[in-house]
Amino acid sequence: MSQRERPPSARREELLERAYGYVMEHGLAELSLRPLAAAIGSSPRVLLFLFGSKEELIRALLARARSDELAALRQIRPAGGPDDFAGAVRTTWGWLVDPAHRPMLVLWAQAYARSLSEPEGPWAGFARQTVADWLRLLAEVQGGGDGGPGAGDRDPALGLAVLRGALLDLLATGDAERTTAAVVRYLRLIGAAAH
């Protein structure tokens, strides 16, 4: 029976949660089963039995991270209504810039980069999936669906490019003030263009 065919087990879920906590603190870049297993109260043999391989464990961790990312993005949707694109960008950036979320975002950046450099490995498709996830969420608040004036200013692809660019800059430099100022300038530009 392959790992994907096995029914979920409580022990597997428990160890996945512990492993997720571990990678939030230590990252995924150089994940090794022996230190991971020791840190979460297991053994490499048990992890291999429950997950099938290190690659499947990484896939499970990435799925867990993606699930958290989507849940967080959905929770921060603005209360301004379904057509408040600027509000969605503003509240998303507020969540991204919050230092409490830095471990999740560093993990996201590691997985994103690895999926680009190792497209056939356990990271396969992660970057493409997260782009699609974010575009879908921004499209839900795009408004202007009739293609009328200003609809182009609420382009989910442009909003995503601004948010992702600012996020990568923030992760690289830690300069929340400068990156926030860039997002605010973008919001002013699309606000001015809409009037």
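Placed above this text is the structure.
Residues numbered from 1 in each chain as written. Predicted model: local features only at pLDDT ≥ 70, side-chain atom pairs only at ≥ 80, totals over all residues. Heavy atoms only, no water.

1. Things to note about the nonpolar core
Piece 1. Core analysis: the biggest nonpolar cluster contains 52 residues, and Leu36, Leu61 and Trp93 have the highest contact counts within it.
Piece 2. Here this core takes nine residues from helix H4 (residues 54-75), the largest share from any one element.
Piece 3. Every residue in contact with Leu36, bar those within four places of it in the chain, is listed here: Ala19, Tyr22, Leu31, Leu47 and Leu57. (Core = buried A, V, L, I, M, F, W, Y, C linked by side-chain atoms within 4.5 Å. Buried < 20%, exposed > 50% of the residue type's maximum accessible area, 1.4 Å probe, protein only. Helix = DSSP H or I, 4+ residues; strand = E, 2+ residues; numbered from the N terminus. Contact = heavy atoms within 4.5 Å.)

2. What about the pattern of salt bridges?
Side chains that carry opposite charge are capable of pairing whenever their charged atoms lie near each other.
Piece 1. Throughout the structure, instances matching the rule amount to eleven salt bridges.
Piece 2. Among the ionic pairs, Arg12 bridges to Glu13, the shortest N-O distance being 3.5 Å.
Piece 3. We note a salt bridge from Arg59 to Glu56, for which the minimum N-O separation is 2.9 Å. Of this pair, Arg59 and Glu56 both sit in helix H4, separated by three residues, roughly a single helical turn.
Piece 4. Residue class for Arg59 comes out partly exposed when judged on its relative accessible area of 29%.
Piece 5. Classification of Glu56 by relative accessible area gives buried; the value is 17%.
Piece 6. What you see here is one network of salt bridges that share partners, running through Arg11, Glu14 and Arg18. (Salt bridge = Lys/Arg side-chain N within 4 Å of Asp/Glu carboxyl O.)

3. Remarks on the environment of Arg11
Piece 1. With respect to the secondary-structure elements, Arg11 resides in helix H1 (residues 10-26).
Piece 2. A residue is classified by how much of its surface remains accessible, and Arg11, at 33% relative accessible area, is partly exposed.
Piece 3. At a separation of 3.4 Å, a polar atom in the side chain of Arg11 contacts the main-chain carbonyl oxygen of Gly41. (Polar contact = N/O pair within 3.5 Å; in protein donor to acceptor, adjacent residues only side chain to side chain.)

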